[in-house]
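Coordinates in review
Below are the chains, spelled out letter by letter.
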Amino acid sequence: MMRPHRNHPLWYAFILHRVSGVSLALFLPVHFYTLALALTDPERLDGFFRWTELAVVKFAEFGLVFLLALHMFGGLRLMALEWLPWSDRQKSMAAGAAAVSFLISGVFLLRAI
Amino acid sequence: MSSDLAELEVSVWRGDAVSGRYEDFRVPAHDNQTILDVVSWIQQHLDPTLSYRYACRVGMCGSCAMMVNGVPRWTCRTHVKVALQDNRISIGPLRNLPVIKDLATDMDPFFDKWVAAEGRHHPSRTRDEPIEQIDPEDAARLEANKGIECINCSVCYAACDTVAGNADYLGPAALQRAWTLYNDAKDDGRQAILDAVSGTGGCHNCHSQGSCSHYCPNDLNPMAAIAGLKRATARSFFKRSK
């Protein structure tokens, strides 16, 4: 069970940034390996592209785009927090980062299906 | 009057630095009752050996902070109704500090870190010189003013996960004190402060989780102070490396 003292928006912003960052770090080697197939094994890459047409994979891609956008906008918030004059609207900015990320990944999903 | 007949189910941590467990008590409920009232009632009516710490009872001295249902709070100003969950309250010693006995923690690490963060006055003039005139509207003075109501209760220190994960981390209260002094025109230790807060346990450990600011009972913002120190130390680093 989650510790009660963590139950507030900016702690959630922290954990989402951490989880999205670790997830993307795990994803990137797979991503580069897949791209490298274009040079080393194009037929396998075509097979992979056919696999990505599955609905469940499209949905997973939505999650991936959401995490990517969340990490980017959340990271921009943190850089602003550390380098720009202080703003008291940290919770609003964290919520805004999540909302924009959901919008971007939602548009991606609607275009993908 | 009906609420006066009701009873609260209260779990209180009993133990010392080595081990302990939660012990259950039933305490009469009242319309106006703080967590400190509950602890005092247990000590006065059920178990005189219960150890805890308090002094002023009006939110000024900062000595009565405890974990209430897993959240750090100043118990003298926390109404039971705010914390009550299913008629139950758990009361434990502050997190991130060694327990002396029951609800009393050893605050030495907390105050040692104030000293380590150069959270002491560095005089800019001697007593023979005239007192420096301070403009109350000066931007630095306004920044310093934001942190001066800290009562050293250690609620922020107990709320901080970075403190929990890194024993050397100076913590929100000490760093906020350092930021206050850094902005104080009467303090002559700016470089000493920046050196103290930019080391291994310094401000750059902060992950901006914001628990310090969320739980500060005086509505102070240590997270903003730490962000200020991060900017000041970075500025100092780039200036010195020129």
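None of these values were measured; they are calculated from a predicted model. (Residues numbered from 1 in each chain as written. Chains lettered and ligands numbered in written order. Predicted model: local features only at pLDDT ≥ 70, side-chain atom pairs only at ≥ 80, totals over all residues.)

If you tally the helices and strands in chain A, you get four helices and zero strands. In chain A, the order of α-helices and β-strands from amino to carboxyl end is α-α-α-α. Taking 13 Å as the expected radius of gyration for a compact globule of 113 residues, we find that chain A reaches 17 Å, considerably beyond that expectation. Dimensions along the principal axes, computed over C-alpha positions, put chain A at roughly 55 × 30 × 25 Å. Every one of the 113 residues in chain A was classed for burial, and the buried ones make up 19%. (Helix = DSSP H or I, 4+ residues; strand = E, 2+ residues; numbered from the N terminus. Rg over C-alpha atoms; globule rule 2.2 N^0.38 Å. Buried ≥ 20, exposed ≤ 12 C-beta atoms within 10 Å, placed from the backbone.)

Put simply, an interface is often sized by how much accessible area is lost when its parts join up. With 13 residues of chain A at the contact, the number on the chain B side is 16 residues. Mapped by element, the contributors of at least two residues to the side of chain A that touches chain B are helix H1 (9–40) and helix H3 (55–83) of chain A. Looking at which element gives the most residues to the side of chain A that touches chain B, the answer is H3(A), with four residues. Along the lines of polarity and charge, the residues of the side of chain A that touches chain B split into eight nonpolar, three polar and two charged. (Contact = placed C-beta atoms within 7 Å. Nonpolar A, V, L, I, M, F, W, Y, C, P; charged D, E, K, R; others polar.)

Here we come to the domain arrangement of chain B. All names here are of chain B. Examined at the domain level, chain B breaks down into domain 1 (2–105) and domain 2 (108–240). Spacing between the C-alpha centres of domain 1 and domain 2 amounts to 30 Å. In this complex, domain 1 contributes 15 residues to the contact, which on the side of domain 2 involves 15 residues. Of all the secondary structure elements, the ones that give two or more residues to the side of domain 1 that touches domain 2 are strand S3 (65–68) and strand S4 (71–74). Per-element accounting of the side of domain 1 that touches domain 2 gives the leading share, four residues, to S4. Classifying every residue of the side of domain 1 that touches domain 2 gives nine nonpolar, three polar and three charged. (Domains from an automatic or database assignment.)

Time to look at the environment of Cys206(B). Residues and elements named next belong to chain B. With respect to the helices and strands, Cys206 occurs in the loop between helix H9 (190–197) and helix H10 (211–215). A sequence separation of 35 residues divides Cys206 from Gly171, and the C-alpha atoms of the two residues are 8.4 Å apart. Residues within four places of Cys206 in sequence aside, it is in contact with Thr162 and Ile226.

A few words on the sheet that holds strand S1 (residues 7–15) of chain B. Residues and elements named next belong to chain B. Strand order in this open sheet of five strands is S2-S1-S5-S3-S4, and the pairing throughout is mixed. The sheet is open, and its two borders are formed by strand S2 (20–28) and S4, each paired with just one other strand. Across the sheet, the axes of successive neighbouring strands diverge by a mean angle of 35 degrees, strand direction being ignored. The pairing of S3 with S4 spans four bridges and is classified as antiparallel. Bridging from a neighbouring strand, Val68 pairs with Val71 of S4. Here helix H2 (residues 35–46) sits on the sheet and contacts S1, S2, S3, S4 and strand S5 (88–92); the angle it forms with S2, its principal contact strand, is near 95 degrees. (Pairing = 2+ DSSP bridges. Axes fitted to C-alpha atoms, helices over the stretch in contact; angles between N-to-C directions.)

Below, the discussion takes up the packing of H1(A) against H3(A). Angle between the axes and distance between the axes are the two parameters that describe a pair of packed helices. Residues and elements named next belong to chain A. Interhelical geometry of H1 versus H3 gives an angle of 125 degrees and a closest axis separation of 9 Å. Here H1 is positioned oblique relative to H3, judged by the angle of their axes. With respect to the hand of their crossing, H1 and H3 are arranged in left-handed fashion. In contact with Ala13, Leu16, His17, Ser20, Gly21, Ser23, Leu24 and Phe27 of H1, H3 contributes Leu64, Leu67, Leu68, Leu70, His71, Gly74 and Gly75. Grouping the constituent residues of the contact of H1 with H3 by class yields eight nonpolar, seven polar and no charged. (Parallel < 35°, antiparallel > 145°, perpendicular 65-115°, else oblique. Left-handed = near helix turned anticlockwise from the far one by under 90°.)

Our focus in this paragraph is helix H4 (residues 108–116) of chain B. Every α-helix winds through 3.6 residues per turn, so residues three or four apart in the chain are directed the same way. Residues and elements named next belong to chain B. Among the residues of H4, Phe110, Lys113 and Trp114 are the ones counted as buried. For H4, the buried positions fall inside an angular range of 110 degrees around the axis, keeping them on one side. Among the exposed residues of H4, those pointing more than 90 degrees away from its buried face are Asp108, Asp112 and Val115. Looking at the buried side of H4, the elements it contacts are helix H6 (155–159) and helix H8 (172–182). (Arc of directions from axis to C-beta.)

Moving on, we come to the environment of Ser51(B). Residues and elements named next belong to chain B. Turning to its location among the elements, Ser51 is positioned in the loop between H2 and S3. Assessed through the 14 C-beta atoms surrounding it within 10 Å, Ser51 is described here as partly exposed. Along the sequence, Ser51 and Pro130 sit 79 residues apart, while their C-alpha atoms lie 48 Å from each other.

All names here are of chain B. Bridge analysis of S1 against S2 gives nine bridges, and the strand direction is antiparallel. Across the sheet, the residue bridging to Ser11 is Asp24, located in S2. Hairpin connection between S1 and S2: a loop of four residues separates the two successive antiparallel strands.

Glancing now at the nonpolar core. Core analysis: the largest hydrophobic core is formed by 66 residues, its most contacted members being Ile91(B), Val155(B), Cys156(B), Leu175(B), Ala178(B), Val197(B) and Leu229(B). Viewed by domain, this core spans two of them, domain 1 (2–105) and domain 2 (108–240) of chain B, each represented by three or more residues. Listed in part, the eleven residues of the second largest apolar core include Leu10(A), Trp11(A), Phe14(A) and Phe66(A). (Core = buried A, V, L, I, M, F, W, Y, C linked by C-beta atoms within 7 Å.)

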